[in-house]
Amino acid sequence: MNNLLPPILMAFLATGAAAQEVTPADVDTPPPGASLFPEQRPADLGAAEEKSDMPEAGQGVAETSEPDPEAAGSDAVPEREASAPPAPERLAVDAEALAACQGELRATGASFDIPETIADSENPECGIKNPIQLRGLPGGIELKPAGLMRCETALALVRWTEDHVRSAAEQLPERGALVSIEQGSTYICRRRNSREDGKISEHAFGNAVDIMAFHFEAGDPIPVQPRERDGTMAEAFQDAVRATACLHFTTVLGPGTDPSHADHLHLDIKARNGGFRLCQ
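Since the model is a prediction, treat every value here as computed from it, not as a measurement. (Residues numbered from 1 in each chain as written. Predicted model: local features only at pLDDT ≥ 70, side-chain atom pairs only at ≥ 80, totals over all residues. Heavy atoms only, no water.)

Student: How should I be thinking about the overall build of the protein in this particular structure?
Tutor: When its secondary structure is counted, the protein shows 5 helices and 11 strands. Counting only residues that meet the buried cut, the protein has 41% of its 280 residues in that class. For the protein, the exposed area adds up to about 15,400 Å²; of that, 54% sits on carbon and sulfur atoms. (Helix = DSSP H or I, 4+ residues; strand = E, 2+ residues; numbered from the N terminus. Buried < 20%, exposed > 50% of the residue type's maximum accessible area, 1.4 Å probe, protein only. Areas by Shrake-Rupley, 256 points an atom, 1.4 Å probe, with all protein chains shown as cover.)

This is the structure we're talking about:
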């Protein structure tokens, strides 16, 4: 009997060990040919968070619906709560900052007037606390017609013209000097797409300007328009000024962005989280 104990004990121990083993059949395994990597994230997951902020086209320009702006960064001027002051008050800078901005404008040789505060009796969200009526740009270039805007918008337009537009125009000697920049809209009180509801346009704060064309002393003007990669100097000029505008403005939209911007460059200085710039 004692001689049988070791084999019986050994068999019992072997059975217990086998019960504790994990065999391949115990583990969930993919079928033959299946990938061992995690599934790819669906392309449309989070797409609502990736929509761009599409500011409005200028006055008199046909407009289309715009996507939700929140993903491109928070508005500089969010929808007003009942206790908050209107947008013109929130955007107004202090006297020192205003004097510095106006001083920079004068130093560039820009010509401008300082009109009275702009307010809208029907919509307190519209208006400009300290407006600028910009008439002329550096180098004797006329802004045609003169436009109402915030000083910060005027300064961005002046710097873009001085740093990039003039030098691009110098590459077109057969057209002569650049004499004027035609704008289609600056300040105007309206909501996006001129709807009865929705967010207020950046134009309504004096933050935006729409550029329609560039006029020269001798040659034909260069209108902003869709260009089909025709390899012309007019196309090169339009591409150059559009690209460099993003160095001075936080929003640059134009031909190819959507149908409503096919005939102008929409430029604005809307502030967004993290300094985000929307240039399309």
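Student: Can you walk me through the state of the cysteines in this structure?
Tutor: Among covalent bonds in proteins, the disulfide is the one between the sulfur atoms of two cysteines. Evaluation of the coordinates by the stated rule reveals 3 disulfides. Put simply, cysteine 101 and cysteine 151 are joined by a disulfide, and their sulfur atoms are 2.1 Å apart. Taking the sign of the torsion about the S-S bond as the criterion, the disulfide between cysteine 101 and cysteine 151, at about -105°, is left-handed. On the criterion of sequence distance, the pair formed by cysteine 101 in helix α3 (residues 95-108) and cysteine 151 in helix α4 (residues 151-169) is long-range, its members being 50 residues apart. (Disulfide = S-S within 2.5 Å.)

Student: Can you walk me through the packing of α3 against α4 in this structure?
Tutor: For the pair α3 and α4, interaxial distance at closest approach is 10 Å and the crossing angle is 30°. Considered as vectors, α3 and α4 are oriented roughly parallel to each other. By crossing handedness, the relation of α3 to α4 is classed as left-handed. Taken together, the residues of α4 that come into contact with α3 (itself represented by Leu98, Cys101, Gln102, Glu104, Leu105 and Thr108) are Cys151, Glu152, Ala154, Leu155, Val158, Arg159 and Glu162. When grouped by side-chain class, the residues that make up the contact of α3 with α4 number 7 nonpolar, 2 polar and 4 charged. (Axes fitted to C-alpha atoms, helices over the stretch in contact; angles between N-to-C directions. Parallel < 35°, antiparallel > 145°, perpendicular 65-115°, else oblique. Left-handed = near helix turned anticlockwise from the far one by under 90°. Contact = heavy atoms within 4.5 Å. Nonpolar A, V, L, I, M, F, W, Y, C, P; charged D, E, K, R; others polar.)

Student: Explain the nonpolar core here, please?
Tutor: Soluble globular proteins: nonpolar side chains tend toward being buried together. Judged by nonpolar contacts, the single largest core of 40 residues is most densely connected at Leu134, Trp160, Phe214, Phe237 and Phe249. Ranked by residues supplied to this core, first place goes to α4 with 10 residues. Leave out the neighbours within four places in its chain, and phenylalanine 214 touches Trp160, Val165, Leu178, Ser180, Ile181, Pro221, Ile222, Val224, Phe237 and Val241. By size, the runner-up hydrophobic cluster in this structure holds 7 residues, among which are Ile118, Ile128, Tyr187 and Phe205. (Core = buried A, V, L, I, M, F, W, Y, C linked by side-chain atoms within 4.5 Å.)

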